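# Fold and geometry: a report
As a plain string of letters, each chain reads:
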Amino acid sequence: MRKIIAALALAGALTPSVSQAQVNIDMAKITCGEVLAMPADDQADFAAFMSGFFAQRVGRTFIDMSLFQKNTASVLDWCKSNKNESVMVGLERATGTK
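Keep in mind that this is a model prediction, so the values were computed, not measured.

### Considering the overall build of the chain
- When you go through the chain residue by residue, the secondary structure sums to five helices and zero strands.
- Secondary structure elements of the chain occur, N-terminal to C-terminal, as α-α-α-α-α.
- Counting only residues that meet the buried cut, the chain has 20% of its 98 residues in that class.
- Contacts spanning at least 24 positions in sequence make up 62% of the contacts within the chain whose residues lie at least 6 apart.
- Of the accessible surface of the chain, which amounts to about 7,500 Å², a share of 58% is contributed by carbon and sulfur atoms.

### Some points on the pattern of salt bridges
- A full pass over the atoms with the stated rule returns one salt bridge.
- Salt-bridge contacts for Lys29 lead to Asp26; the nearest nitrogen and oxygen are separated by 3.9 Å.

### Topic: the packing of aromatic side chains
- Scanning the model with the defined rule gives one aromatic pair in all.
- Where Phe49 meets Phe53, the ring centres are 6.2 Å apart and the plane angle is 20 degrees; that geometry is what we call stacked. Linking Phe49 with Phe53, this pair stays in helix α3 (residues 40-58), spanning four residues, or about one helical turn.
- Assessed through its relative accessible area of 46%, Phe49 is described here as partly exposed.
- Classification of Phe53 as partly exposed rests on a relative accessible area of 29%.

### Remarks on the confidence of the model for the chain
- Looking at the chain as a whole, its pLDDT mean stands at 81, while 79% of the residues score no less than 70.
- Mean pLDDT per element in the chain: helix α1 (residues 2-14) is the minimum at 57, and helix α2 (residues 32-36) is the maximum at 94.

### A look at the state of the cysteines
- Summed over all chains, the structure comprises one disulfide.
- Cys32 shares a disulfide with Cys79; S-S distance 2.1 Å. Handedness of the Cys32-Cys79 disulfide follows from its S-S torsion of about -50 degrees: it is left-handed. Of this pair, Cys32 sits in helix α2 while Cys79 sits in helix α4 (residues 65-80), and the two are 47 residues apart along the sequence. Accessibility classification places Cys32 together with Cys79 in one group, the buried group.

Thresholds, definitions, all that
- Sequence order as written defines the numbering, with residues in each chain counted from 1.
- Where local features are concerned, this predicted model is filtered to residues with pLDDT of at least 70; where side-chain atom pairs are given and counted, the filter is 80 or more; whole-chain, interface and lining totals use all residues.
- Hydrogens and waters are ignored; side-chain quantities use all the structure's heavy atoms.
- By the criteria applied, helices consist of DSSP H or I runs no shorter than four residues and strands consist of E runs no shorter than two, each listed in order from the N terminus.
- Summary of the burial criterion: residues with accessible area below 20% of their type's maximum are buried, those above 50% are exposed, and those between are partly exposed, where the area comes from a 1.4 Å probe applied to protein chains only.
- The contact rule is simple, with two residues in contact once any of their heavy atoms fall within 4.5 Å.
- Accessibility throughout is a Shrake-Rupley quantity obtained with a 1.4 Å probe, and a residue counts as covered only by protein chains that appear here.
- The salt bridge definition used is simple: a Lys or Arg side-chain nitrogen within 4 Å of an Asp or Glu carboxyl oxygen.
- Pairing of aromatic side chains requires ring centres within 6.5 Å, counting the rings of Phe and Tyr and the six-membered ring of Trp. Pairs whose planes differ by under 30 degrees are stacked, by over 60 edge-to-face, and all others tilted.
- A residue's pLDDT is the confidence the predictor assigns to it, expressed on a 0 to 100 scale.
- Pairs of cysteine sulfur atoms within 2.5 Å are identified as disulfides in what follows.

Below, the structure written as structure tokens:
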């Protein structure tokens, strides 16, 4: 039994581990066209992430769901006619901050 456990431990130690590559994404460079091309579920996830990202950037520590929904609709509406602009520009425009 000890030999089996030792063999399994040795095999586990020698087996290469599966690693995942890390990807860096500059969220400030994602364009409106890229977001509009996403499926609706991905757009919703992206909007939630960007809301948190932007809130942290401007030092806001609360969640206002009605403001989130208003800003999301405003940014997506703006994005429809500004597909080459970054989403961050639309967010700054919608919230009146930089």
